[in-house]
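Overview (structure and organization)
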Amino acid sequence: MAAYRAALGGSLAAARLLPLGRCHPSPAPGSTLSGAAMEPAPCWLAGLRFDNRALRALPVEAPPPGPEGAQSAPRQVPGACFTRVRPTPLRQPRLVALSEPALALLGLGAPPAREAEAEAALFFSGNALLPGAEPAAHCYCGHQFGQFAGQLGDGAAMYLGEVCTAAGERWELQLKGAGPTPFSRQADGRKVLRSSIREFLCSEAMFHLGVPTTRAGACVTSESTVVRDVFYDGNPKYEQCTVVLRIASTFIRFGSFEIFKSADEHTGRAGPSVGRNDIRVQLLDYVISSFYPEIQAAHASDRVQRNAAFFREVTRRTAWMVAEWQCVGFCHGVLNTDNMSILGLTIDYGPFGFLDRYDPDHVCNASDNTGRYAYSKQPEVCKWNLQKLAEALQPELPLELGEAILAEEFDAEFQRHYMQKMRRKLGLVQLELEEDRALVSKLLETMHLTGADFTNTFFLLSSFPVELESPGLAEFLARLMEQCASLEELRLAFRPQMDPRQLSMMLMLAQSNPQLFALMGTRAGIARELERVEQQSRLEQLSMAELQSRNQGHWADWLQAYRARLDKDLEGAGDAAAWQAERVRVMHANNPKYVLRNYIAQNAIEAAERGDFSEVRRVLKLLENPYHCEAGAATDPEATEADGADGRQRSYSSKPPLWAAELCVT
């Protein structure tokens, strides 16, 4: 093993100096990658077998001739779905963490020894290529914040290839943050440690929560740095370049079909492959035959019906996915069409967050000034994005047919799955009643009014005493009150965001020149700011005792309705004890104790920036079992995190500390 370590260490050093190559018995036409003999041979990863079907089935642009670096120069890529690229080596890559469950998808067992960490750092950083890998960048467009942005593409991600397993599965591997591509525009194609850790942890957290998602197999950082202005406040700093290995059946997205879009009437931008319906046909054929083979088989003789069935299934999967988001309190943050998977997977974890204090208008993206992607608007936005996909599939799917499918399927599928999941979260295991919608709506309203913690409130409900005169009711109510926002938290949450003089000036402008005010697009922001000012004024007049009394009143009203609904559910059961046991089991299986709260991720990031990756790995293991059925024993080694900013040991399931209650994550 010592010899292997020395050889691998030499390979790491060599990879920083030698041009990257591609180990493949038959180089693809137009490929400029060379030097295969220089690539170090993998050991732990040697069993990965590549078969890069996407590059065979879809048009690939060969990089233009030119000096070193020309192939990654920003440019339009017409007439192609991919262009060949090359990862840019990093200085001294080192492993932050591996996800063994994600890597098991590829047929990989647990890393055999410490030497495998060095091997993972070498190949999952892009410093060396696995035999058979053919790095490429995918071309796509997108509507960003409602406006067509033209060509976007993989500006910070690279397709490595597709691994086929002994189980007959096929997985696409991607490196995110491996360097510039033709789609990087003026950026550097790099990701940094903080954002990479968040994506790595959240990809795996979402999978274990049961939410459809792409996976993350590894996170590798380095001594290479880039400059980032974290808060866009004119104070840039150097940050470590970091790469995430992403895994999915495919990373093709809605925006992949928008490369054929003609000039947009609002922005004037067009896709790079306008008029190339032949490529649209190729892309549809590839996607449907590869990922929806049952649809291909059922409609082999009728392309329009095949394409309609495909769009119907994408609509259903998308509705199902966003219903799952709403039920775990997940906010995506960047729901552009280029971030919508053609398989109904959660994809591209940029700014995101899980709700702490329940707020339907919560926005987790500091760039989203209008609240377009607020938590409560996610279903509506996903439906809007599906409309854009329907438009992009023309003429292969007539628009009127696509719109009819969307109108018929999306809302019905979303409501069906959302209510099905919410009933399980509330332990309603016997009956499905129409009145359940009102019960759920009233629960969310009560959580909003009391500032209750979304995750912990649902988790607590499994311990609600169903007997009318139960002595445990007072204790339950006291625990529920602990999950409501304190006066200090509310005052922090509703503090004004604008200087009073600026607000006064904007209000004067709204009165004196409403046309100019409307053009500035700040009406919604001013309305929210006025609401903050009014709420802050009310909070200043409120005492803690009054807040507690008010909260208890709100919860007492809802719990009374909840108990009445549970009584109806019990009536449909033959055995009360069996019903209660099933109710608790179902609630524990659908209400997570642990989610990736911002403050948990932030503590892990800060430790990693100091060179300590243990907290990242600890959190990763915890998130593999989010549905913890016991109420959190202090003896559980995973039950508490390292000291937070307030110097206290804190349970991973705790509400965020005050310092992190309104943590801004970029």
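The coordinates are above.
Residues numbered from 1 in each chain as written. Predicted model: local features only at pLDDT ≥ 70, side-chain atom pairs only at ≥ 80, totals over all residues. Heavy atoms only, no water.

What follows covers the overall build of the protein chain. A count of helical and extended segments in the protein chain gives 21 helices and 16 strands. Burial statistics for the protein chain: of 666 residues in total, 55% are counted as buried. When contacts within the protein chain are restricted to residue pairs at least 6 apart in sequence, long-range pairs at least 24 apart make up 72% of them. A total of about 27,400 Å² of accessible surface is found on the protein chain, and carbon and sulfur atoms cover 53% of it. (Helix = DSSP H or I, 4+ residues; strand = E, 2+ residues; numbered from the N terminus. Buried < 20%, exposed > 50% of the residue type's maximum accessible area, 1.4 Å probe, protein only. Contact = heavy atoms within 4.5 Å. Areas by Shrake-Rupley, 256 points an atom, 1.4 Å probe, with all protein chains shown as cover.)

With that out of the way, let us pick up the nonpolar core. Judged by nonpolar contacts, the single largest core of 170 residues is most densely connected at Phe124, Leu426, Leu461, Trp555, Tyr562 and Leu596. Top contributing element to this core by residue count: helix α8 (residues 303-328), with twelve residues. When residues no more than four places from it in sequence are discounted, the contact partners of phenylalanine 124 are Leu45, Leu98, Leu103, Leu175, Ala218, Val220, Val243 and Leu245. Counting residues in each nonpolar core, the second largest holds eight residues, with Ala485, Leu490, Phe494 and Leu547 among its members. (Core = buried A, V, L, I, M, F, W, Y, C linked by side-chain atoms within 4.5 Å.)

Overall, the coordinates contain 38 salt bridges when judged by the stated rule. For arginine 312, the salt bridge goes to glutamate 408, with nearest N and O atoms at 3.6 Å. Here the residue arginine 312 occupies a position in helix α8, and glutamate 408 occupies one in helix α10 (residues 399-425), the gap between them amounting to 96 residues. Salt-bridge contacts for glutamate 615 lead to arginine 618; the nearest nitrogen and oxygen are separated by 3.7 Å. Separated by three residues within a single helix, glutamate 615 and arginine 618 lie in helix α21 (residues 614-623), roughly one turn from each other. The exposure class of glutamate 615 is buried, given its relative accessible area of 8%. Members of the salt-bridge network, linked through shared partners, are Lys176, Glu199, Arg246, Arg253 and Asp348. (Salt bridge = Lys/Arg side-chain N within 4 Å of Asp/Glu carboxyl O.)

Moving on to the side chain of asparagine 339. Along the polypeptide, asparagine 339 turns up in the loop between β13 (330-331) and β14 (353-354). Setting aside chain neighbours within four positions, we find asparagine 339 in contact with Arg253, His332, Val334, Ile347 and Asp348.

Okay, helix α11 (residues 436-450) next. With 15 residues, α11 should cover 21 Å at 1.5 Å per step; its first-to-last C-alpha distance of 21 Å lies within 8% of that length. For α11, the complete set of buried residues consists of Asp436, Leu439, Val440, Leu443, Leu444, Thr446, Met447 and Thr450. Buried residues in α11, looked at end-on, bunch into an arc of 155°, giving them a common side. Against α10, α12 (454-461) and α18 (544-571) lie the buried residues of α11. With its phi angle positive at about 65°, glycine 451 sits one or two positions after the end of α11. (Expected span 1.5 Å × (residues − 1). Arc of directions from axis to C-beta.)

Now for the packing of aromatic side chains. One pass over the structure, following the stated rule, counts 17 aromatic pairs. Summarising the aromatic geometry, the rings of phenylalanine 330 and tyrosine 349 are spaced 6.2 Å apart at their centres and angled 70° between planes, so their arrangement reads as edge-to-face. Here tyrosine 349 lies in the loop between β13 and β14 and phenylalanine 330 lies in strand β13, a separation of 19 residues in the sequence. For the pair phenylalanine 330 and tyrosine 349, one class covers both residues: buried. Feature note: the residues Trp325, Phe330, Tyr349, Phe352 and Phe354 constitute an aromatic cluster, connected by ring pairs. The ring of tyrosine 140 carries the charged tip of arginine 253 above its face, separated from the ring centre by 4.5 Å. (Phe/Tyr/Trp six-rings, centres within 6.5 Å; stacked < 30°, edge-to-face > 60°. Lys NZ or Arg CZ within 6 Å of the ring centre and 35° of its normal.)

Another aspect to go through is the pairing of strand β9 (residues 170-176). Among the seven residues that make up β9, seven are buried, leaving the element largely enclosed by the rest of the structure. Where burial is concerned, the two faces of β9 agree: the one with Arg170, Glu172, Gln174 and Lys176 and the one with Trp171, Leu173 and Leu175 are both buried. In this structure, strand β8 (residues 157-164) lies alongside β9, joined through seven bridges in antiparallel fashion. Looking across to β9, one finds that glutamate 162 is bridged to glutamate 172. Remark: five residues form the turn of the hairpin made by β8 and β9, two consecutive strands paired antiparallel; glycine 168 in that turn has positive phi of roughly 85°. (Pairing = 2+ DSSP bridges.)

Glutamine 394 connects to proline 395 through a cis peptide bond whose omega is 0°. Note that proline 395 resides in the loop between α9 (378-392) and α10. Unusually for a residue other than glycine, glutamine 92 sits at a positive phi of about 50°. Here glutamine 92 lies in the loop between β3 (82-84) and β4 (94-98). Classification of glutamine 92 as partly exposed rests on a relative accessible area of 47%.

The next subject is the packing of α12 against helix α13 (residues 473-482). Following both chains from N to C, one finds α12 and α13 inclined at 170°, their axes separated by 10 Å at the closest point. In terms of their interaxial angle, α12 and α13 are classed as roughly antiparallel. Residues Thr457, Leu460 and Leu461 of α12 lie in contact with α13, whose contacting residues are Phe476, Arg479 and Leu480. Of the residues in the contact of α12 with α13, the class split is four nonpolar, one polar and one charged. (Axes fitted to C-alpha atoms, helices over the stretch in contact; angles between N-to-C directions. Parallel < 35°, antiparallel > 145°, perpendicular 65-115°, else oblique. Nonpolar A, V, L, I, M, F, W, Y, C, P; charged D, E, K, R; others polar.)

Within the fold, leucine 122 resides in helix α4 (residues 115-123). For the pair leucine 122 and proline 89, spaced 33 residues apart in sequence, the C-alpha to C-alpha distance is 9.4 Å.

Our focus in this paragraph is the environment of glutamine 580. Locating glutamine 580 in the fold gives a position in helix α19 (residues 576-590). A polar atom in the side chain of glutamine 580 sits 3.1 Å from the side chain of arginine 583. (Polar contact = N/O pair within 3.5 Å; in protein donor to acceptor, adjacent residues only side chain to side chain.)

For helix α20 (residues 598-609), built from twelve residues, the straight-helix expectation of 16 Å at 1.5 Å per residue is met to within 8% by its first-to-last C-alpha distance of 16 Å. For α20, the buried fraction is high: nine of the twelve residues fall into the buried class. For α20, the set of buried residues is Asn598, Tyr599, Ile600, Ala601, Asn603, Ala604, Ile605, Ala607 and Ala608. Two residues or fewer after α20 comes glycine 611, characterised by a positive phi angle close to 95°.

Bringing the state of the cysteines into the picture now. One pass over the structure, following the stated rule, counts zero disulfides. We note that cysteine 81 lacks a disulfide partner, and the nearest cysteine sulfur, in cysteine 139, lies 7.5 Å from it. Take cysteine 81: its relative accessible area is 1%, and that puts it in the buried class. Of the cysteine sulfurs around cysteine 331, a residue in no disulfide, the closest is that of cysteine 364, at 5.0 Å. Overall, cysteine 331 belongs to the buried group, its relative accessible area being 0%. (Disulfide = S-S within 2.5 Å.)

With that settled, consider the environment of lysine 237. Its location among the elements puts lysine 237 in strand β12 (residues 237-248). Residue class for lysine 237 comes out partly exposed when judged on its relative accessible area of 42%. Counting along the chain gives ten residues from lysine 237 to valine 227, while the straight-line C-alpha distance between them is 5.4 Å. Among all residues touching lysine 237, those that are not within four sequence positions of it are Val226, Val227, Arg228 and Val230.

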